[in-house]
Amino acid sequence: MSKKSKLRKASKGYIKVTDSNNKTFTISQEEIMAKMREMGYERLIKEVVCKTVKPVKQKDADEYAQIIDRWMPPEHGIGALRELAKRYVAVVGMPLKTMRTPLTAIFCADHGVAEENVSAYPPETTLHMATNYVISKGGAANAFANFTQAALGVFDVGINGDTSQLPIDSTMKLGYGTQNAAKGPAMTREQAAASVMAGIAVASQAAKHDFTVLLPGEMGISNTTASAAITAVMCGISPELATGRGTNISDQRLQTKIATVKKMLEVNQPDASDPFDVLAKVGGFELGAIAGLIIGGASSGMLTILDGFNTGAAALIAAAICPAVKDYMAASHIGGEPGHKYVLDKLGLTPVMKLDLKLGEAIGSSLVADLLVKTMISTANLTKSDEIKMTFMDKMNWHSIPDDSVTLTDKTFDYYTKTMPELDKEAMEACQSRLDNLAKPIYSLGALEKIAAQLSGIMGEELPDTDTARALLLFGLDKLSHQEVRAGAEKRLPESIKQWIKAGGELTPHMLYNCPDYMANPADWEGYDDKNQAYTFEQASLIQGFAQATGVTLQSSHLFLGHTQMDAFEYGRLQGEKLALKNGILGVSMIDGRPENIEAIAHALLNEDGSLRYDTTSFLSHLTENQQLLVSATMGAMLAAAHNHTLVVLDNEATVAVARYVVTMLPELEQFLLPVQPNLYQMGIKASGVTAIAGISLVLASLHMLNDMKTFSEAQVAVANDGPGKGKQVN
């Protein structure tokens, strides 16, 4: 087959080929495979596969962004999620089809360099964990695939053991582990090309099943050593900067690992300009396969979301082989390995999470894929007709502060300062013990482990359920008083609604939009338009999309002018208490039809450096009347929810600022709060409610980790022999 031949179309075992003379003929797939072997995998990848990677459809992505921006201006929008969605659209193109859940592909292989004693776990752990994935189904890869509802594929491309009796794909196995790269090349150049081709083959199969998002992961004891060597070469940095603790090794073993990486580079002298040379000399079979998955995914129009350091090192190889694939990749998080930062900088990718993750089983990428799916659903809502958007508003549980002053109880702020409960230490300790013994390097799931233990202590349960009830409470302010709204309604609303109001019924925004006269003449309502309401159609449509996809109950609680701060505090307290009795997780936010009004609260309360601007005894007096009502209600809800043993997930910057003032007055509250941005996510989300729902998703992911993963004993996996896990982890 001429290198200028083009593969055209496959059908029933045959492929149409157009040669350099533009003549078309058909040959069987068996024949084409024979030709491929004759040609050599390296030439095939460079001269055929890479040439099928087309430029991304940036015009489609820009068109998509313009459509979304029409309804949700970027300065008040979904931040990095908009850019993630744009990248996805650039890859798959428009018109958009229904998005499938992702494919998580875990490639497993052993490393000869494990002989150098660079890991906290023995080499047989690779086989143990591969068995755990497919038999016990108790790995982190399983748990996060469950969370994302992703399909999970496990591939043996080089495990040092027999997997023929396991339900694992070993058709592309290249050997029983690599050679010790501290003594010579890890593999032959032919094996390196074959490992890349193995990943391309997996991507090709994924494309046939209509996947559009790929989540690569890996399992291979000592593979962070190989990745450190690749990173040092490809990024031009020292082994010290590239090498980290991997499986959480001790200080002494870290020095051994750094020395080993230095030796690998000295012995092999890999050529940074030749990615196949680098992969062959210091890489691993699974890293080559991930590089191939990225290239094959790009060739077939799929987005690859990178996980941590190892997938990043593989991406360096992929991008060096085929530079066009950079536009087909997205970053998820910045991991615990020091070299990861240099990898992402080299690839030109920006992470959106910092969760202190140190495990490469598609953890961070699963979290980002989950948000991508929800973003595509929610932004699609923005393009719907007003009639459909109306239904999104109707799905929100709507409540408003009573006309009269709220009857105050003895549950004032001082009450909460004296009665805030303690976390259940016994439940937390039991939960932490299980977390330490899950089949993974100890503490390797960072913030997710802390969230799971925190919720355990709040709820008093060792294993909170993955389906723990959750809700989002939005406080909004309608800019007219209740009396003004009623007065205007009497003139225009249909007789049936007038009678409803006369009988004491609530006038909701939904009723206003159902009033033809109001819709036709909104200006007649004394300047009252949709942006003077607590939220707009578009805000409701966006939030409803995220909430429904996350299983979150939405509660919209409306305040009106003419009430006092104490009224608002008591109303917020009642709303928080009511929802806390039914939900273990509660997001809290403030919303306004004009988003800048909420952003103004944060600006009023904080200095430019982010510190609190005012003393806690007087900060409310520096706010406008509108702001005081929203802030007071938010304070009441936070306190009541925490008091009733509910985790409070904080939303936008204004909500976080309010919480910080309250914590200064009542430090015991802090252990019940989960601030999401910028502590965990660095997404710059401005749209009210979205950050809180993203945080709730993070909590749910941590519960899948806690409940779906198996312990070392349950899965029969070898435990740590070094580092903080030694002695704590038992089998």
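Refer to the structure presented above.
Quick caveat: nothing in here was measured; it's all calculated off a predicted structure. (Residues numbered from 1 in each chain as written. Predicted model: local features only at pLDDT ≥ 70, side-chain atom pairs only at ≥ 80, totals over all residues. Heavy atoms only, no water.)

Colleague: How would you summarise the sheet that holds strand β7 (residues 303–305) if you had to cite specific residues and measurements?
Modeller: Two pairing modes exist for strands in a sheet, parallel and antiparallel, and in both the strands are linked by backbone hydrogen bonds. Pairing in this open sheet of five strands is parallel, and the strands run β5-β4-β6-β7-β8 from one edge to the other. The sheet is open, and its two edges are formed by β5 (151–158) and β8 (329–330), each paired on a single side. Relative to β8, β7 runs parallel, the two being bridged by two bridges. Counterpart to T304 in the pairing with β8 is M329. (Pairing = 2+ DSSP bridges. Helix = DSSP H or I, 4+ residues; strand = E, 2+ residues; numbered from the N terminus.)

Colleague: Quick rundown of the pattern of salt bridges? Include the residues and the values.
Modeller: With the rule as written, the count across this model stands at 22 salt bridges. The salt bridge involving E83 is made with R82; its shortest N-O contact spans 2.6 Å. Looking at E83, the relative accessible area reads 41%, which means it is partly exposed. It is possible to trace a salt-bridge network through shared partners that takes in E42, K46, R189 and D274. (Salt bridge = Lys/Arg side-chain N within 4 Å of Asp/Glu carboxyl O. Buried < 20%, exposed > 50% of the residue type's maximum accessible area, 1.4 Å probe, protein only.)

Colleague: Can you explain empty space enclosed by the protein? Please cite residues and give values.
Modeller: Applying the stated rule across the entire model yields five cavities of 30 Å³ or more. Lining the largest cavity are 37 residues; nearest its centre among them are T247, K358, L359, G360 and P441. If you list the elements that add at least two residues to the lining of the largest cavity, you get α5 (125–136), β6 (213–219), α8 (223–235) and α13 (309–321). Of the volumes computed, that of the second largest cavity is approximately 60 Å³. (1 Å grid on protein atoms, 1.4 Å probe; cavity = no way out; pocket = protein on both sides within 12 Å on 5 of 7 lines; lining within 4 Å. Points joined across faces, edges and corners; volume = space filled by probe spheres on them.)

Colleague: Let's hear about helix α28 (residues 653–665): which residues, and what values?
Modeller: End to end, α28 covers 19 Å across 13 residues, agreeing with the expected 18 Å (1.5 Å per residue, within 8%). In this structure, the buried residues of α28 make contact with α17 (413–419), β12 (585–591), α26 (595–605), α27 (625–643), β13 (647–650) and β14 (673–675). (Expected span 1.5 Å × (residues − 1). Contact = heavy atoms within 4.5 Å.)

Colleague: Tell me about the packing of helix α7 (residues 189–208) against helix α11 (residues 275–282), and please be specific about residues and values.
Modeller: Where α7 contacts α11, the two axes come as close as 8 Å, and the packing angle between them is 105 degrees. With respect to α11, the axis of α7 lies roughly perpendicular. The residues of α11 that touch α7, namely those facing R189, A192, A193, S195 and V196, are F276, D277, L279 and A280. Classifying every residue of the contact of α7 with α11 gives six nonpolar, one polar and two charged. (Axes fitted to C-alpha atoms, helices over the stretch in contact; angles between N-to-C directions. Parallel < 35°, antiparallel > 145°, perpendicular 65-115°, else oblique. Nonpolar A, V, L, I, M, F, W, Y, C, P; charged D, E, K, R; others polar.)

Colleague: Tell me what's going on with the pairing of β5, and back it up with residues and numbers.
Modeller: Across the eight residues of β5, six count as buried, placing the element largely inside the fold. Bridge count for strand β4 (residues 103–109) against β5 is seven bridges, and the pairing is parallel. When the bridges of β5 are listed, I106 appears paired with V154.

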